[in-house]
Amino acid sequence: MMREFIIQKIKELKRTGLFRELRQLGGNTINFSSNDYLGLSKHPLVKARALEAINGFGFGAGASRLISGNTKLHEQLERKIAEFKGRAAALVFSTGYMANLGVITSMVDENDAVIIDRLNHASIIDACKLSKAKLQVYAHKDLAALKKILEQSAKYKKRLVITDSVFSMDGDIATLPEIIKLAKEYNAITIIDEAHATGVLGARGKGIEEYFGIEGQIDIVMGTLSKALGSIGGFVAGSQELIDYLRNKARSFIYTTALPPAACAAALAALEVIEKEPGLIRNLRINSRFLREKISKINHADPKNGTETLVSGSDETPIIPIMIGDTEKTMKVSAQLLERGFFVSGIRPPTVPEGKSRLRITLSALHTKKEIECLASLLQELIPA
Ligand SMILES: *Cc1c(COP(=O)(O)O)cnc(C)c1O
């Protein structure tokens, strides 16, 4: 019975081109699909501090934070994140996924409503479902739809408005000032997910509030240590009361082993590097602009296909989706790029909606101009008209 069920499901996935397998990238492959935006996972200071922490504390934390897994590195990291995000306090979790589960399920229950953008990350959606709050979804960046939901949801005890800062599969930026204005008008609580904004948006990489110049206006800031910070883990930053409450209430914080101290040391070092080497963030932006410019030229060269090929997104993010549409075609171009030594992942349902398969390029501060030029000309050659 079980075996038949699984075989049937796998067959279905294979038939529709959605079967997923793991791969390892060879040493010579140029990776255009990593979230290590600043290359910090390999930065000498990050590696040295992690090794130092392993030597001092061993590898695993050995217990949850509230039992005996807490170290001075966890606390230093939380102070540093709070300072970086301009908040009173912060709490770290084992992953960003678990940070979203913890904060959302602690803030709302069946008497409340959560209001989310349709393109919010899977961890937000899972957290909303687990919370039992009424889930209300507005079309991507549709402020009129958000306003309508806010108007019509006054019967709920609390309303929580959640948005990604940078949308992970489309690379565009939430219209945060307007969202905050609406949330204030309707007395809703706001959370932003800064997974792809921390270390990326704003001149000093502080995130979407710095980008718009509206520091401190969001109620709850969530993020990950696993992307631009080159480590592993997630965090929530906010008021001291919020953090005291989450430490007591968030099950994904309480019932799991603390982050390895070395992961904290690595994230701390990464935050230090971001402050000391602002040129990294500048480079990331220069690289992103450079590739967008190159790709826009591909479009012009092929007017028949022009407006279809690229989602324009925002100039300020290093996530560049190339919309192909068809899943099979998308995976084929991805495979052909890999044969030439460039890894660009193909993104397909259920990560993105049916018919919206795409190549998803992510830039790094460490990509060279030549690598980007090579990628652009390969795309020109391989993308089907
Ligand atoms: C990656 C991601 C997460 C999860 O973070 P992890 O630390 O990888 O678990 C949450 N939200 C968004 C928007 C993400 O892109």
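Above this note sits the structure.
Residues numbered from 1 in each chain as written. Predicted model: local features only at pLDDT ≥ 70, side-chain atom pairs only at ≥ 80, totals over all residues. Heavy atoms only, no water.

### With respect to the pairing of strand β12 (residues 357–362)
Next, step 1: β12 sits mainly inside the fold: six of its six residues count as buried.
Next, step 2: Both strand β9 (residues 319–325) and β12 contribute to a ladder of six bridges, which runs antiparallel. From the neighbouring strand, P321 faces β12, where its bridge partner is R360.
Next, step 3: In this structure, strand β11 (residues 345–347) lies alongside β12, joined through three bridges in antiparallel fashion. The residue bridging G346 from the neighbouring strand is L359, located in β12. (Buried < 20%, exposed > 50% of the residue type's maximum accessible area, 1.4 Å probe, protein only. Helix = DSSP H or I, 4+ residues; strand = E, 2+ residues; numbered from the N terminus. Pairing = 2+ DSSP bridges.)

### Observations concerning the site of the ligand
Next, step 1: In the neighbourhood of the ligand, 15 residues make up the surrounding shell, with G96, D193, H196, T224 and K227 lying closest.
Next, step 2: G96 places a polar main-chain atom, nitrogen or oxygen, 2.8 Å from an oxygen atom of the ligand.
Next, step 3: One of the side-chain nitrogen or oxygen atoms of D193 is found 2.6 Å away from a nitrogen atom of the ligand.
Next, step 4: When isolated, the ligand has an accessible area of 380 Å², and the protein chains bury 86% of it.
Next, step 5: The leading source of residues in the shell around the ligand is helix α5 (residues 96–107), at three residues.
Next, step 6: Tallied by class, residues from the shell around the ligand come to two nonpolar, ten polar and three charged. (Near = heavy atom within 4 Å. Polar contact = N/O pair within 3.5 Å; in protein donor to acceptor, adjacent residues only side chain to side chain. Areas by Shrake-Rupley, 256 points an atom, 1.4 Å probe, with all protein chains shown as cover. Nonpolar A, V, L, I, M, F, W, Y, C, P; charged D, E, K, R; others polar.)

### Let's talk about the sheet that holds strand β3 (residues 113–117)
Next, step 1: What the seven strands build is an open sheet, ordered β2-β8-β7-β6-β5-β3-β4; its pairing is mixed. Among the strands making up the open sheet, the edge pair consists of β2 (89–93) and β4 (134–138). Neighbour-to-neighbour, the strand axes of this sheet turn through a mean angle of 20 degrees, independent of strand direction.
Next, step 2: Relative to strand β8 (residues 234–238), strand β7 (residues 220–224) is paired through four bridges, and the arrangement is antiparallel. Note that in β8 the partner of V221 across the bridge is A237.
Next, step 3: Packed on one face of the sheet, α5 meets β2, β3, β5 (159–164), β6 (189–193), β7 and β8 and runs near 160 degrees to β7.
Next, step 4: Lying on the sheet, helix α6 (residues 122–131) is in contact with β3, β4, β5 and β6; it crosses β3 at an angle near 165 degrees. (Axes fitted to C-alpha atoms, helices over the stretch in contact; angles between N-to-C directions. Contact = heavy atoms within 4.5 Å.)

### Thoughts on the packing of helix α7 (residues 143–152) against helix α8 (residues 176–185)
Next, step 1: Close contact between α7 and α8 brings their axes to 10 Å; oriented N to C, the two are set at 15 degrees. In terms of their interaxial angle, α7 and α8 are classed as roughly parallel. The two elements α7 and α8 cross, and the hand of that crossing is right-handed. Together, L143, L146, K147 and L150 of α7 and E178, I179, L182, A183 and E185 of α8 make up the contact between the two elements. (Parallel < 35°, antiparallel > 145°, perpendicular 65-115°, else oblique. Left-handed = near helix turned anticlockwise from the far one by under 90°.)

### Remarks on a nonpolar patch on the surface
Next, step 1: A cluster of nonpolar side chains, namely M2, F5, I6 and I10, defines an oily patch on the protein surface of about 400 Å² accessible area.
Next, step 2: Relative to the assigned elements, M2 resides in helix α1 (residues 2–15).
Next, step 3: By relative accessible area, which is 62% here, M2 ends up exposed. (Patch = residues over 30% accessible without salt bridge, like charges linked within 9 Å, V, L, I, M, F, W, Y side chains within 5 Å. Salt bridge = Lys/Arg side-chain N within 4 Å of Asp/Glu carboxyl O.)

Interpretation in functional terms is not warranted from these geometric data alone.
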